[in-house]
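One-letter residues, chain by chain:
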Amino acid sequence: VGCRRAGGVAVGEGALPPALAGLAFQEAMEARAAAMGGGGLTCPVQRVSDFLEGRLSTEPLPPSSYRLGVAAAPLHELYPPPLTAALRDGMRAFAASFPGFDGQAALLHGVETRTSAPVQVSRDHET
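Computed from a prediction, not measured in an experiment: that's the story for all the values here.

1. Some points on helix H1 (residues 21–37)
- An ideal rise of 1.5 Å per residue puts 24 Å on 17 residues; H1 measures up with 25 Å between its terminal C-alpha atoms.
- Among the residues of H1, those classed as buried are Leu23, Gln26, Met29, Glu30, Ala33, Met36 and Gly37. Projected onto a plane normal to the axis of H1, the buried residues spread over an arc of 150 degrees and lie on a single side.
- Buried residues along H1 sit against strand E1 (43–47) and strand E2 (70–72).
- Looking one or two residues past H1, Gly38 carries a phi angle of roughly 90 degrees, positive in sign.

2. Some thoughts on the packing of aromatic side chains
- For the structure on display, the rule yields 2 aromatic pairs.
- For the pair Phe94 and Phe98, a centre-to-centre distance of 4.6 Å together with 25 degrees between the ring planes defines the contact as stacked.
- Given a relative accessible area of 40%, Phe94 falls into the partly exposed group.
- A relative accessible area of 47% means that Phe98 is categorised as partly exposed.
- Ring geometry for Phe94 and Phe101: centres 4.7 Å apart, planes at 70 degrees, overall edge-to-face.
- Of the aromatic side chains, those joined through ring pairs into one cluster are Phe94, Phe98 and Phe101.

Scoring rules and cut-offs
Residues numbered from 1 in each chain as written. Predicted model: local features only at pLDDT ≥ 70, side-chain atom pairs only at ≥ 80, totals over all residues. Heavy atoms only, no water. Helix = DSSP H or I, 4+ residues; strand = E, 2+ residues; numbered from the N terminus. Expected span 1.5 Å × (residues − 1). Buried < 20%, exposed > 50% of the residue type's maximum accessible area, 1.4 Å probe, protein only. Arc of directions from axis to C-beta. Contact = heavy atoms within 4.5 Å. Phe/Tyr/Trp six-rings, centres within 6.5 Å; stacked < 30°, edge-to-face > 60°.

Here it is as structure tokens:
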């Protein structure tokens, strides 16, 4: 999972129509993750084991392939509690089949929300 800086969605003033509510959620998660990383495209990270236990990871962190830098952050606080609970359930189930998935070297990076889609969303080019 990669990391990107929060961007603005050019959809007009006020609340988004219900069909675009996912974009508002996406933007909110990107902004929260950017703040958790401390800015400057530093990516917030957390060991999988710490995410599952709800605790902040301590230094030194495992190596990361993300080249712009990482910072320990409470990713377990990033999403709404029901989503965090679902992610934890899924990770625990996956770890039961793949030992080591939740080990001390497993590092979560948050949050990458860009996806491929046949719809193009214009974004603010300065953020």
